[in-house]
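Per-entry structural report
Residue-level listing of the chains:
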Amino acid sequence: MISWQQRKKLINWAGNIEYSTDKLYFPETVEQVQQLVKKYEKLKVLGTRHCFNRIADSTDQMISLKSLDQVISLDTKALRVTVGSGIKYGQLGPYLHEKGFALHNLASLPHISVAGACTTATHGSGVKNGNLSTAVAAIEMVTADGEIIQLSREKDGEHFKAAVVGLGALGVITKVTLDIQPTYMVRQDVYENLSFGQLKNHFDEILSAGYSVSLFTDWQNQNCSEVWVKSRVSEGAKFELTNDFFGAKAATKNLHPIITLSAENCTEQMGVPGPWYDRLPHFRMGFTPSSGKELQAEYFVPYRHGMEAILAVSRLAKQVGPQLMITEIRTIAVDDLWMSPCYHEPCMTIHFTLKQNWNEVSKLLPLIEKELEPFNPKPHWGKLFTMTAKKLQSRYEKLSAFKEVIKHYDPHGKFRNKFLDRNIYGF
Ligand SMILES: Cc1cc2nc3c(=O)[nH]c(=O)nc-3n(C[C@H](O)[C@H](O)[C@H](O)COP(=O)(O)OP(=O)(O)OC[C@H]3O[C@@H](n4cnc5c(N)ncnc54)[C@H](O)[C@@H]3O)c2cc1C
């Protein structure tokens, strides 16, 4: 086991968070995870460090499961893959495709760990696609007493629904079993300049025009600067680019969501079919996703209020403009995972990639939250927000039950940190 020995500060991917300890251990086996959990009174797991807030932070010690990144088994009959929890989607995707299989969806980037993504309800887009956690069929976890437990969708109903989007609060996830399906190809068509008027009149049609649809806007001209439509195609299908999409025009080259940036980092567009793992994310493995030096905030609102919520935020165009790099709007199907923002409610998300200027952004987020208030917005667990703990908690009807499950597996708060104290326990 190697502790963190570099002189460099331990920071998150975006560099906006310096973790409160530099004690980081890298267990290489589940037994070593158990030893660490037994040894320390307080501990947090660090995934790939892509969260923008302090959800992963610890003042005591952290462990990284990056060495536990193997595919453990592939069950081609039950359509399940079991992986070490440190594996990144960017590693798992090509492996599955080569074996003839696929996941149902991916986030905008493949660089993130499966466990970190699932425990924070990370999502892609698609009206029929649940967030990434909905693919979880079972997890193995080391709980506060150092014991290993397994929870599965089939056998452990309630505790499973609490644990999958567990916010890192229940224990150290060491293995994840995911549902898979036969592999598929996806084409990506990008259109420029979709007016909010068209969006309002054809909201459902537009957001379900493809398997996964993303709208990008800077809020300045009552339009979406880009619409990314990802469609499943059968291999070898003839590629046909339609020029007009509700008045938006087909792009003539690959584009970055932030139109001024080079599309080199982005997955192939222009309708060229490619494997699911290389089209569903916007950004390519091996390249910097998004812009790099940025902050992110994102709010889930019920899908049925989607257009009203867009129009509400558009009223803040002047205030949002100076801090914004780009907004992305996506959809996520309903699920039954207790702490998922889509629990019993299909959602639309409004995401903000913002300049790395917390002084200004911290003044902007309350304005956005206020404008979205009529729609009971829920912030992304891994991104920045300013709403009170009380408000946040009121939006999770299973919160008390979730706390009971935490108490069951972690009675003395070994995995608690300030983020959980504030947002789950209301300190
Ligand atoms: C450029 C960029 C693009 C993004 N795009 C999207 C997107 O498209 N959709 C979206 O929803 N989100 C997106 N995000 C947010 C991000 O993917 C999620 O917040 C996700 O949690 C990141 O996973 P991670 O492994 O980096 O988590 P970390 O930040 O390392 O940790 C997050 C939480 O997971 C816990 N955790 C990690 N591993 C384990 C484990 N093995 N056992 C128990 N707990 C664990 C940590 O303790 C912590 O509580 C993006 C972020 C960035 C930086």
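Please refer to the structure placed before this passage.
So, a few notes on the structure that sits alongside this text. (Residues numbered from 1 in each chain as written. Predicted model: local features only at pLDDT ≥ 70, side-chain atom pairs only at ≥ 80, totals over all residues. Heavy atoms only, no water.)

This part takes up the sheet that holds strand β1 (residues 24-25). With parallel pairing, 3 strands are arranged side by side in an open sheet as β1-β3-β2. At either end of the open sheet lies a strand with only one pairing partner, and these are β1 and β2 (44-46). (Pairing = 2+ DSSP bridges. Helix = DSSP H or I, 4+ residues; strand = E, 2+ residues; numbered from the N terminus.)

Attention shifts here to the side chain of Asn265. Looking at the element boundaries, Asn265 is found in the loop between β15 (248-250) and β16 (274-275). Not counting residues up to four positions away in its chain, the partners in contact with Asn265 are His282, Phe283, Arg284, Phe287 and Thr288. (Contact = heavy atoms within 4.5 Å.)

What follows is about the pattern of salt bridges. Inspection of the entire model under this criterion finds 20 salt bridges. The partner of Arg80 in a salt bridge is Glu154, and the shortest N-O contact between them spans 2.9 Å. Within this pair, whereas Arg80 is found in strand β5 (residues 80-84), its partner Glu154 is found in the loop between β8 (148-152) and α4 (157-163), the two being separated by 74 residues in sequence. Residue classification places Glu154 among the exposed residues on the basis of a relative accessible area of 54%. The partner of Arg395 in a salt bridge is Glu373, and the shortest N-O contact between them spans 3.0 Å. Taken together, the positions of Arg395 in the loop between α10 (389-394) and α11 (399-409) and Glu373 in the loop between α9 (358-372) and β20 (378-379) put the pair 22 residues apart, joining distant regions of the chain. Under the relative-accessibility criterion, Glu373 is labelled partly exposed at 28%. Linked through salt bridges whose partners overlap, the residues forming this network are Arg80, Arg153, Glu154 and Asp179. (Salt bridge = Lys/Arg side-chain N within 4 Å of Asp/Glu carboxyl O. Buried < 20%, exposed > 50% of the residue type's maximum accessible area, 1.4 Å probe, protein only.)

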